[in-house]
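Structural features, examined
Here is what each chain is made of, one letter per residue.
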Amino acid sequence: MSEVSEQSRRFNISGSLSVVAGEGGLTKIVIKASGASVGWTAKAEIYLNGATVTRYEVDGKPVLFCSRTSKFEVGKAIRGGVPIIFPWFGPHPTDPKMPQHGFVRAAEWKILNTARSSSGVATVVLGFEASEATRAIWPHDFALRYTVSLGRRLEMALEVTNRSNSEFRFDEALHTYLAVSDVRNIHITGLEQTEYADKVDGLARKRLDDAPLRLTGETDRVFLNTGAVCRLHDPARSEIAVGKEGSLSTVVWNPWDKAENLVDLAGNQWPGMVCIETVNTMENSITLMAGASHTMKSTLHLSSRGYRRAY
Ligand code: TA6
């Protein structure tokens, strides 16, 4: 029996969830949910490669961006959706040979559990654990559990457990690519008056003023010490709220014309996306005691007429 068919047998939920072969033959989980009471339908897809949520739609409207030129290959990060960054954010702090953004976004995760609630919410739990290979890169024992719940909102919770006998410090991110009509016409609220490190200006420390954040060129900002909900306002689409728990950093990124240097984001796709990432990095990195766990959660909610705001 193939790996996919064995996982289908164990984890499929009729009418809600199926394990199938996706792009490049990579295993993906397709999830459907609907709210009979108020008539919404939602769909999501998660690749076991990096436990990457690559698709999230509400009433047929896409919330996430995934590059048309993304690779779908074993050991390669997917360009789009919600890659998981752990245990360092950005370049490795000391070794330039190490992969950017850690090593779990290009690793194969395992399905631990699937379920559907009486209200129609479908949940998948994925896992990834330290191994000899990871300890050779990052000398700590850890376990990750990633819980994705699809209902009217998409909830993604990353739990890190320290299985070492000493504390360790780590960065983490849910590196969310949101779909927009044109990044030059959107604005983001929720980060007003917030300090940030500007990665396009030598990490200079700045503070946003009272105006909503509008992007006018390459933007790569690490907002710090903020637990705020961010709202993405797009004149051509419904508002998207990015809520979070257990996270004090928020990153806003669009490569603008530098995207042409990214083979998996080529073809002038950059106007169609903006990253609003749920993060812990820099002075918000997490120090975890031996045996302890920490959970960071990101929630995406597409506002549309007739629904009360989740936040
Ligand atoms: O989150 C923003 C960022 O750190 C940018 O600096 C840019 O490097 C982006 O991540 C994408 O990184 P990647 O390694 O996926 O090309």
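Located above this text is the structure these notes cover.
Since the structure is predicted, the reported quantities are computational estimates derived from the model, not experimental observations.

Things to note about the packing of aromatic side chains
Any pair of aromatic rings gets described here by the distance separating the centres and the angle formed by the planes. Counted by the stated rule, this structure contains 16 aromatic pairs. Their ring planes at 55° and their centres at 5.4 Å tell us that Phe 86 and Phe 170 sit as a pair that is tilted. With Phe 86 in the loop between β6 (84-85) and β7 (110-116) and Phe 170 in strand β11 (residues 168-170), the pair connects residues that are 84 residues apart, well separated along the chain. By relative accessible area, which is 0% here, Phe 86 ends up buried. Assessed through its relative accessible area of 1%, Phe 170 is described here as buried. Members of the aromatic cluster, connected to one another through ring pairs, are Phe 86, Trp 88, Phe 103, Trp 109, Phe 128, Trp 138, Phe 142, Tyr 146, Phe 168 and Phe 170.

Points about the sheet that holds strand β5 (residues 61-62)
Within a sheet, each strand pairs with its neighbour through backbone hydrogen bonds, oriented either parallel or antiparallel. Pairing is antiparallel in the open sheet, where five strands are placed in the order β1-β2-β3-β4-β5. Looking along the sheet, the strands with just one partner apiece sit at the ends: β1 (17-21) and β5. By the bridge criterion, eight bridges tie strand β2 (residues 27-35) to strand β3 (residues 40-47) in an arrangement that is antiparallel. Bridging across to β3, Gly 35 finds its partner in Trp 40. Running at roughly 180° to β1, helix α1 (residues 3-11) makes contact with β1 and β2 of the sheet.

Things to note about the environment of Phe 168
Its place among the elements puts Phe 168 in strand β11. Spatially, the C-alpha atom of Phe 168 lies 27 Å from that of Thr 299, the residues being 131 residues apart in sequence. Each residue touching Phe 168, except ones within four places of it in the same chain, is listed here: Trp 138, His 140, Asp 141, Phe 142, Val 160, Thr 161, Asn 162, Ile 286, Thr 287 and Leu 288.

As for the site of the ligand
Close contacts around the ligand come from Arg 79, Phe 89, Gln 100, His 101, Arg 105, His 175, Lys 199, Asp 220, Val 251, Trp 253 and Glu 277, and that covers them all. His 101 is positioned such that a nitrogen or oxygen atom in its side chain is 2.9 Å from an oxygen atom of the ligand. Take His 175: an N or O atom from its side chain is 2.9 Å from an oxygen atom of the ligand. In the complex, the protein chains occlude 85% of the 390 Å² of accessible area that the ligand would expose alone. Its atoms largely coinciding with the cavity grid, the ligand occupies the largest pocket. By residue class, the composition of the shell around the ligand is three nonpolar, three polar and five charged.

The rules behind each value
- Residues numbered from 1 in each chain as written.
- Predicted model: local features only at pLDDT ≥ 70, side-chain atom pairs only at ≥ 80, totals over all residues.
- Heavy atoms only, no water.
- Phe/Tyr/Trp six-rings, centres within 6.5 Å; stacked < 30°, edge-to-face > 60°.
- Helix = DSSP H or I, 4+ residues; strand = E, 2+ residues; numbered from the N terminus.
- Buried < 20%, exposed > 50% of the residue type's maximum accessible area, 1.4 Å probe, protein only.
- Pairing = 2+ DSSP bridges.
- Contact = heavy atoms within 4.5 Å.
- Axes fitted to C-alpha atoms, helices over the stretch in contact; angles between N-to-C directions.
- Near = heavy atom within 4 Å.
- Polar contact = N/O pair within 3.5 Å; in protein donor to acceptor, adjacent residues only side chain to side chain.
- Areas by Shrake-Rupley, 256 points an atom, 1.4 Å probe, with all protein chains shown as cover.
- 1 Å grid on protein atoms, 1.4 Å probe; cavity = no way out; pocket = protein on both sides within 12 Å on 5 of 7 lines; lining within 4 Å.
- Sits in = over half its atoms within 2 Å of the grid points.
- Nonpolar A, V, L, I, M, F, W, Y, C, P; charged D, E, K, R; others polar.

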